[in-house]
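Structural characterization, general
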Amino acid sequence: GIQVEQSPPDLILQEGANSTLRCNFSDSVNNLQWFHQNPWGQLINLFYIPSGTKQNGRLSATTVATERYSLLYISSSQTTDSGVYFCAVRDLTGGGNKLTFGTGTQLKVEL
Amino acid sequence: KAGVTQTPRYLIKTRGQQVTLSCSPISGHRSVSWYQQTPGQGLQFLFEYFSETQRNKGNFPGRFSGRQFSNSRSEMNVSTLELGDSALYLCASSLTGTVQETQYFGPGTRLLVL
C-alpha cells in the first residue's frame, strides 16, 4: 500500500516563529488532507488539498501531486498551534473511503 | 450543523470482555469510517460503511466488527478484548465517500483494557 512520511517528527518553536511541515507520499493520490490533533485527541480539518495551494489565515498548504509531496506552512505561530499535525491520503488503487495517515509532526510552541 | 459525535468518550474494560462504540455522523452524511490510534501503530483504518454495507476493511482481526443503521449511525464492536486494543477509536463521516470529499472526525472514544 501507499506509504506516507512526515517530517520533522518533532518541532519546538518560539511564539511568533514560522514553520514548514512536509508530507511525502509514495504513489499517486486523489485525496490529501491535513489535520491538527488537539490535546484531547480530536482531529480538526485544516485543508483538503489534493493539488495546488490554499490559505486559511496563518495557515497555508501546497501540494505538488506530480512530485508526491505536500507542505503545510504555519506563520506567526501561537501556543494554541501546539499539537500533532497529520497528513492523510487516499491512493488511486484503494477502494472505498480509506485514508492512510502519516506518522505526524509533534509541534510545541513556547512563549 | 452538528459535528460527528461518538459515545462513550471514555471506557475501561478488562481482558476478555467485549465493547460496543457508537458514532453518529454529520446530518446527511452516509459514509462512516472507523480508525484506531495507538502510540505504536499510529492511525490505522478499521472499516468503512455506506448505506448499511461494509465497503472497505482494514487489516484487523475478526474480533473487530461493525455495522451501520438506516439512519447512518454506526457501531463498532470488539470482542474478547486484549490489552493491545487499548487505543483512541475515531469515527469519520463524509457525504458519500467519493474521491473529492473531506472526511470529518469525531472526538473519539478512549478505550483502556486492563
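Please refer to the structure higher up on the page.
What you see is a predicted model, and the numbers here were worked out from it, not measured in a lab. (Residues numbered from 1 in each chain as written. Chains lettered and ligands numbered in written order. Predicted model: local features only at pLDDT ≥ 70, side-chain atom pairs only at ≥ 80, totals over all residues. Heavy atoms only, no water.)

Details of the overall build of chain B
In terms of helices and strands, chain B carries zero helices and 11 strands. In sequence order, the secondary structure elements of chain B are arranged as β-β-β-β-β-β-β-β-β-β-β. Scaling as 2.2 N^0.38, a compact globule of 114 residues should have a C-alpha radius of gyration of about 13 Å, and chain B matches this with 13 Å. For chain B, buried positions account for 51% of its 114 residues. For chain B, long-range pairs separated by at least 24 residues make up 55% of all intrachain contacts whose partners lie at least 6 apart in sequence. Per element, the accessible surface of chain B, about 5300 Å² overall, is 50% carbon and sulfur. Of note, chain B has its 11 positive side-chain charges centred 5 Å away from the centre of its 6 negative side-chain charges. (Helix = DSSP H or I, 4+ residues; strand = E, 2+ residues; numbered from the N terminus. Rg over C-alpha atoms; globule rule 2.2 N^0.38 Å. Buried < 20%, exposed > 50% of the residue type's maximum accessible area, 1.4 Å probe, protein only. Contact = heavy atoms within 4.5 Å. Areas by Shrake-Rupley, 256 points an atom, 1.4 Å probe, with all protein chains shown as cover. Lys, Arg positive; Asp, Glu negative; His and termini not counted. Charge placed at Lys NZ, Arg CZ, Asp CG, Glu CD.)

So, the state of the cysteines
Going through the model one piece at a time under the given rule, you end up with two disulfides over all chains. A disulfide bridge connects C23 of chain A with C87 of chain A, and the sulfur atoms are separated by 2.0 Å. Handedness here is read from the sign of the S-S torsion; for C23 of chain A and C87 of chain A, about 75°, the answer is right-handed. Linking C23 of chain A in strand 3 (residues 19–25) with C87 of chain A in strand 9 (residues 83–91), this pair joins segments that are 64 residues apart in sequence. Note on C23 of chain A: relative accessible area 0%, which makes it buried. Covalently, C23 of chain B is tied to C91 of chain B through a disulfide, its sulfur atoms 1.7 Å apart. The disulfide joining C23 of chain B to C91 of chain B has a torsion of about -50° about its S-S bond and is therefore left-handed. Of this pair, C23 of chain B sits in strand 3 (residues 19–24) while C91 of chain B sits in strand 9 (residues 87–94); the two residues are 68 residues apart in sequence, bridging distant segments of the chain. (Disulfide = S-S within 2.5 Å.)

Here's the deal with the environment of V84 of chain A
All names here are of chain A. Mapping V84 onto the fold places it in strand 9. A residue is classified by how much of its surface remains accessible, and V84, at 17% relative accessible area, is buried. Residues V84 and L32, 52 residues apart in the sequence, show an inter-C-alpha distance of 17 Å. Here V84 is in contact with F35, H36, Q37, G104, T105 and Q106, once residues within four sequence places are set aside.

Let's talk about the interface of chain B and chain A
Each partner contributes to the interface: chain B provides 24 residues, whereas chain A provides 20 residues. Summing both partners gives a buried area of about 1800 Å² for chain B against chain A, and 47% of it is carried by carbon and sulfur. Connecting chain B to chain A are zero salt bridges. Among the elements that make up the side of chain B that touches chain A, the one with the highest residue count is strand 4 (residues 31–38) of chain B (four residues). Residue classes in the side of chain B that touches chain A are distributed as nine nonpolar, 11 polar and four charged. (Buried area = accessible area lost by both parts, 1.4 Å probe. Salt bridge = Lys/Arg side-chain N within 4 Å of Asp/Glu carboxyl O. Nonpolar A, V, L, I, M, F, W, Y, C, P; charged D, E, K, R; others polar.)

A few points about the side chain of Q6 of chain A
Residue and element names in this part refer to chain A. Relative to the helices and strands, Q6 is located in strand 1 (residues 4–7). Its relative accessible area of 8% is what places Q6 among the buried residues. Among the polar contacts made by the side chain of Q6, one reaches the main-chain amide nitrogen of C87 at a distance of 3.1 Å. Of note is the side chain of Q6, whose polar atom sits 3.1 Å from the backbone nitrogen of G104. (Polar contact = N/O pair within 3.5 Å; in protein donor to acceptor, adjacent residues only side chain to side chain.)

Some remarks on the nonpolar core
Among the nonpolar cores identified, the biggest contains 22 residues, and F25, W34 and L72 of chain A are the most heavily contacted of them. Elements with a minimum of two residues in this core: strand 2 (10–14), strand 3, strand 4 (29–37), strand 5 (43–48), strand 7 (59–64), strand 8 (69–74), strand 9 and strand 11 (105–110) of chain A. Counting 21 residues, the second largest nonpolar core, distinct from the first, contains L46, Y49, F64 and Y89 of chain B. (Core = buried A, V, L, I, M, F, W, Y, C linked by side-chain atoms within 4.5 Å.)

Focus on the sheet that holds strand 7 of chain A
Residues and elements named next belong to chain A. On the basis of which strands lie adjacent, the open sheet formed by five strands has the order 1-3-8-7-6 and antiparallel pairing. Here the strands that pair on one side only, and so sit at the sheet edges, are strand 1 and strand 6 (52–56). Averaged over all neighbouring strand pairs, the angle between strand axes comes to 15°, with direction disregarded. Judged from the six bridges that link them, strand 3 and strand 8 form a sheet pairing that is antiparallel. Bridge pairing in strand 8 links S19 to I74. (Pairing = 2+ DSSP bridges. Axes fitted to C-alpha atoms, helices over the stretch in contact; angles between N-to-C directions.)

Everything listed here is a matter of coordinates, which is why it stays silent on function.
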